[in-house]
Amino acid sequence: DTAVSQTPKYLVTQMGNDKSIKCEQNLGHDTMYWYKQDSKKFLKIMFSYNNKELIINETVPNRFSPKSPDKAHLNLHINSLELGDSAVYFCASSQKGGKNIQYFGAGTRLSVL
Amino acid sequence: AQSVSQHNHHVILSEAASLELGCNYSYGGTVNLFWYVQYPGQHLQLLLKYFSGDPLVKGIKGFEAEFIKSKFSFNLRKPSVQWSDTAEYFCAVKVAGTGDTGKLIFGQGTTLQVKP
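Below is a summary of the structure that appears in this document. (Residues numbered from 1 in each chain as written. Chains lettered and ligands numbered in written order. Predicted model: local features only at pLDDT ≥ 70, side-chain atom pairs only at ≥ 80, totals over all residues. Heavy atoms only, no water.)

### Focus on the overall build of chain A
Rules: The numbering of helices and of strands both runs from the N terminus, where a helix is a DSSP run of H or I of at least 4 residues and a strand a run of E of at least 2. Note that the radius of gyration is over C-alpha atoms, with the globule rule given as 2.2 Å times the number of residues to the power 0.38. Here's how the labels work: a residue is buried when its accessible area is under 20% of the maximum for its type, exposed when over 50%, partly exposed in between, all with a 1.4 Å probe on protein chains only. It only takes one pair of heavy atoms within 4.5 Å for two residues to be counted as in contact. The Shrake-Rupley method, run with a 1.4 Å probe sphere, supplies the accessible areas, and residue values consider only the shown protein chains as cover. Just so you know, the count uses Lys and Arg for positive and Asp and Glu for negative, and it drops His and the chain ends. By convention, the point assigned to a charge is CZ for Arg, NZ for Lys, CD for Glu and CG for Asp.
The number of helices and strands found in chain A is zero helices and 11 strands. Beginning at the N terminus, the succession of helices and strands in chain A can be written as β-β-β-β-β-β-β-β-β-β-β. The C-alpha radius of gyration computed for chain A amounts to 13 Å, which stays within 12% of the reference 13 Å derived for 113 residues, consistent with globular compactness. The dimensions of chain A, computed from C-alpha atoms along their principal axes, are 40 × 30 × 25 Å. In chain A, buried positions account for 46% of the 113 residues. Here the analysis covers contacts within chain A between residues at least 6 apart in sequence; of these, 53% occur between residues at least 24 apart. Total accessible area on chain A stands at roughly 5700 Å², and carbon and sulfur atoms take up 50% of it. Averaging the positions of the 14 positive and the 10 negative side-chain charges in chain A gives two centres separated by 4 Å.

Shown next as structure tokens:
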């Protein structure tokens, strides 16, 4: 009964391809996030959505497009994949408010060859 | 810009040893502070958090952390580690108050390896 689930767990693809990572939360939260963990293990926020509205967009290339069909889902679509996109991508969710705690998914390891 | 630094990148301890992982942040305003843990193959889990009040906070599994505002630090401690504490530990900071966007700023993480 996973609270924040991401699919797939692993994704191996060629440069130039387009791929999507899905995220779903069953916690009833209204805010969702995408973080990228680079090879040096730094986790950096990419986007956040609150009730399907974009709140944070951290200078991410426009090849990355988040899509939130409803507040329980925040998918990440990546166009024209590049070698530098190889990383672990984490989805998270929280309730809106000052003392919110973010709950994370298990991550998706993307390898671009 | 705000940043978080974790001084120990890789720590190796024997069981029953005491643990202290350093975390310092750079931001002059009010913050919320967190430690997350990631066990092998699992998702990030919250260990403990500080929002306000008593600067010594206790978390799950016997962990505690102390917020020292003057030092911009939030070090994680455990008096006696177990083999099952082997994991990746992340310190994170969130701007509180009117600047709060929900954005967590993470440190680089510390790999803790506990030898049985």
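From this point on, the discussion continues.
### So, the sheet that holds strand 1 (residues 4-7) of chain A
Residues and elements named next belong to chain A. The cut-off we apply is this: In short, DSSP must find at least two bridges between two strands for them to pair. Note on definitions: angles span 0 to 180 degrees between N-to-C directions of axes, and those axes are lines fitted to C-alpha atoms, for helices only across the stretch in contact.
Spatially, the four strands line up as an open sheet ordered 1-3-8-7, and their pairing is antiparallel. The two strands at the open ends of the sheet, each matched to only one other strand, are strand 1 and strand 7 (64-70). Direction aside, neighbouring strands of the sheet carry axes that sit 20° apart on average. Here strand 3 (residues 19-25) runs beside strand 8 (residues 73-78); their pairing, made up of four bridges, is antiparallel.

### Digging into the interface of chain B and chain A
Using the following cut-off: Salt bridge criterion: a side-chain nitrogen from Lys or Arg within 4 Å of a carboxyl oxygen from Asp or Glu. For this classification, Asp, Glu, Lys and Arg are treated as charged, while Ala, Val, Leu, Ile, Met, Phe, Trp, Tyr, Cys and Pro are nonpolar and the rest, including Gly, are polar.
In this complex, chain B contributes 28 residues to the contact, which on the side of chain A involves 22 residues. The tally of links from chain B across to chain A stands at two salt bridges. As a salt-bridge pair, B:Glu88 and A:Lys41 come within 2.5 Å of each other at their nearest N and O atoms. Secondary structure elements with two or more residues in the side of chain B that touches chain A: strand 5 (31-38), strand 6 (44-50), strand 10 (87-95) and strand 12 (110-115) of chain B. The element contributing the most residues to the side of chain B that touches chain A is strand 5 of chain B, with four residues. Within the side of chain B that touches chain A, the residues separate by chemical class into nine nonpolar, 14 polar and five charged.

### Here's the deal with the pattern of salt bridges
Applying the stated criterion across every chain yields a total of eight salt bridges over all chains. For the salt bridge of A:Glu58 with B:Lys103, the shortest nitrogen-to-oxygen distance reads 3.2 Å. Of the two residues, A:Glu58 sits in the loop between strand 6 (53-57) and strand 7 while B:Lys103 sits in the loop between strand 10 and strand 11 (105-106), which places them in two different chains. Relative accessible area serves as the criterion here: at 22%, B:Lys103 is assigned to the partly exposed category.

### Some points on the packing of aromatic side chains
In this description, an aromatic ring pair is defined by two values, namely the gap between the centres and the angle between the planes. Selection rule: Here a pair means two rings of Phe, Tyr or Trp (six-membered ring of Trp) with centres within 6.5 Å. Their orientation is stacked below 30 degrees between planes, edge-to-face above 60, and tilted elsewhere.
Following the criterion strictly, the structure yields 13 aromatic pairs over all chains and no others. The interplanar angle of 35° and the centroid separation of 6.2 Å between the aromatic rings of A:Tyr33 and A:Tyr35 together place this pair among those described as tilted. As far as burial versus exposure is concerned, A:Tyr33 and A:Tyr35 are alike and both buried. Between B:Tyr25 and B:Phe72, the ring centres sit 5.5 Å apart and the planes meet at 75°, which makes this aromatic pair edge-to-face. Of this pair, B:Tyr25 sits in strand 4 (residues 24-26) while B:Phe72 sits in the loop between strand 8 (64-68) and strand 9 (73-78), placing them 47 residues apart in sequence. Classification of B:Phe72 as partly exposed rests on a relative accessible area of 33%. Feature note: the residues A:Tyr33, A:Tyr35, A:Phe104, B:Phe34, B:Tyr36, B:Phe51, B:Phe90 and B:Phe106 constitute an aromatic cluster, connected by ring pairs.

### Re the state of the cysteines
A disulfide bridge is the covalent bond that connects two cysteines by way of their sulfur atoms. All names here are of chain B. Under the convention used in this document: When two cysteine sulfur atoms lie within 2.5 Å, the pair is treated as a disulfide.
In this structure the tally under the stated criterion is two disulfides over all chains. Paired by a disulfide, Cys23 and Cys91 hold their sulfur atoms 1.9 Å apart. Linking Cys23 and Cys91, the disulfide has an S-S dihedral of approximately -65° and is accordingly described as left-handed. Within this pair, whereas Cys23 is found in the loop between strand 3 (19-21) and strand 4, its partner Cys91 is found in strand 10, the two being separated by 68 residues in sequence. Each of the two residues, Cys23 as well as Cys91, counts as buried.

### Quick notes on the nonpolar core
What counts, and what does not: Residues belong to one nonpolar core when they are buried, are Ala, Val, Leu, Ile, Met, Phe, Trp, Tyr or Cys, and are joined through side-chain atoms within 4.5 Å.
Grouped together as the largest cluster of nonpolar side chains are 29 residues, with contacts concentrated most on B:Leu33, B:Trp35, B:Leu47, B:Leu48, B:Phe74, B:Leu76 and B:Tyr89. For this core, the secondary structure elements donating two or more residues are strand 2 (10-14), strand 3, strand 5, strand 6, strand 8, strand 9, strand 10 and strand 12 of chain B.

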